[in-house]
Amino acid sequence: MSRIATVHPATPANIATAAHILRYGGLVALPTETVYGLGADATQGEAVARIYESKGRPAFNPLIVHVADAAWVDDLAETNTHFHALARAFWPGPLTLILKRKDTCPVSKLVCAGLDSIALRMPNHPVALDLLRALGSPLAAPSANASGMLSPTRAEHVTGLTRVDMVLDGGPCREGLESTVVDLTSERPAILRPGPVTSAMLTAVIGQLGVAGSGVMKSPGQLASHYAPRLPLRMNATRPEKTEAWLGFGPSDGATLNLSATGDLVEAAAHLFDYLYQLDDPERFAAIAVAPVPEEGLGAAINDRLRRAATRV
Ligand code: TXA
Ligand code: MG
């Protein structure tokens, strides 16, 4: 089903409408200084699931969370001295910083693809900042292109998505290149994705950088595969064993938790990481049995994640 919205100029009235759409779980394409993003309220799991569905991503890659002010980060992540120095130097701007999630972080676990880290950025674009302030909530936004297509740098390039409720036109993007992604979770900050903020610019502020992949961190593409439950996981299970937790989908009698009793894949994706996390308790269960999830739409990404969790390394 295609649901493509027309492009609207980023007037104050349209920005207010966009914030309203986001508050009700919709998707808004918005300009940033790097590329156009496909935004959803990061605290609403089902809205975030619709981002992956709309982009047709076959897997859950972690998304960047956008904030209107560095102070917003205090509620979301454990900050450190490198964070404060880099945010002061480059925010608002094309620099994404990876920090450890706070336990109380209200951002949906689906945004971080189940990782205990979170990618944060304050965009340097008046429309993005106005929208964030009007929403008053962090915004998850990957580039607003269908999976495998080029990132859009103009409103009219926002195409190929299966759903976007509103496209805010803020003109062409100044940078035209996605933000630099820097991991601040290990001792030595390391660049995970090169971008407009160069390694020389970073070094001038915080000194020498580490090499990505030398520590706990792997390249961003590999990262998602890092999350694995402690318990063995069994897919396509039609019935649980006595000692197993039973993660249901659709009508699953006696499920410990159900991804979606009505068989709704958007709801299931929104619950996936949260429920795996809750069931991954060796004191209560010996393993996690998961009901079959159809391999259609978001089901492909859900099954991809379950397969990785099932084959532990
Ligand atoms: O310029 C940009 O960054 C644009 C605009 C819209 O802000 N956004 C963007 O998002 O490019 P996306 O989803 O296309 O790219 C997100 C990047 C990926 O390389 C992803 O692996 C990495 O950030 N990432 C997100 N969360 C991460 C995490 N917790 N740990 C490591 N890498 C992470
Ligand atoms: Mg992208």
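Small disclaimer: the values here were computed from a predicted structure and weren't measured. (Residues numbered from 1 in each chain as written. Chains lettered and ligands numbered in written order. Predicted model: local features only at pLDDT ≥ 70, side-chain atom pairs only at ≥ 80, totals over all residues. Heavy atoms only, no water.)

Draft legend 1. Representation of the packing of helix α2 (residues 45-55) against helix α7 (residues 265-279) in the model. At a closest axis distance of 8 Å, the pairing of α2 and α7 adopts a crossing angle of 110 degrees. Taken together, the axes of α2 and α7 are roughly perpendicular relative to one another. Here the hand of the crossing between α2 and α7 comes out right-handed. In contact with Gly45, Glu46, Ala49, Arg50 and Glu53 of α2, α7 contributes Val266, Glu267, Ala269 and Ala270. In terms of residue class, the contact of α2 with α7 is made up of four nonpolar, one polar and four charged. (Axes fitted to C-alpha atoms, helices over the stretch in contact; angles between N-to-C directions. Helix = DSSP H or I, 4+ residues; strand = E, 2+ residues; numbered from the N terminus. Parallel < 35°, antiparallel > 145°, perpendicular 65-115°, else oblique. Left-handed = near helix turned anticlockwise from the far one by under 90°. Contact = heavy atoms within 4.5 Å. Nonpolar A, V, L, I, M, F, W, Y, C, P; charged D, E, K, R; others polar.)

Draft legend 2. Expanded view of the domain arrangement of the protein. Parsing the protein into structural domains produces domain 1 (7-206) and domain 2 (233-310). A C-alpha centroid distance of 29 Å is found between domain 1 and domain 2. The interface is formed by 14 residues belonging to domain 1 together with 14 residues belonging to domain 2. It is Glu46, Phe60 and Lys109 in domain 1 that bury the most area against domain 2; as a group they hold 46% of the surface buried on that side. Counting every contact that joins domain 1 to domain 2 gives zero salt bridges. Across the contact surface, domain 1 and domain 2 share zero residue pairs in polar contact (both at pLDDT 80 or more). Class assignment of the residues belonging to the side of domain 1 that touches domain 2 gives a composition of seven nonpolar, two polar and five charged. (Domains from an automatic or database assignment. Buried area = accessible area lost by both parts, 1.4 Å probe. Salt bridge = Lys/Arg side-chain N within 4 Å of Asp/Glu carboxyl O. Polar contact = N/O pair within 3.5 Å; in protein donor to acceptor, adjacent residues only side chain to side chain.)

Draft legend 3. Focus on helix α4 (residues 126-135). Of all the positions in α4, only Val127, Ala128, Leu129, Leu131, Leu132 and Leu135 are classed as buried. In this structure, the buried side of α4 is in contact with α1 (12-23), β3 (28-30), β5 (64-66), β9 (139-140) and β11 (166-169). (Buried < 20%, exposed > 50% of the residue type's maximum accessible area, 1.4 Å probe, protein only.)

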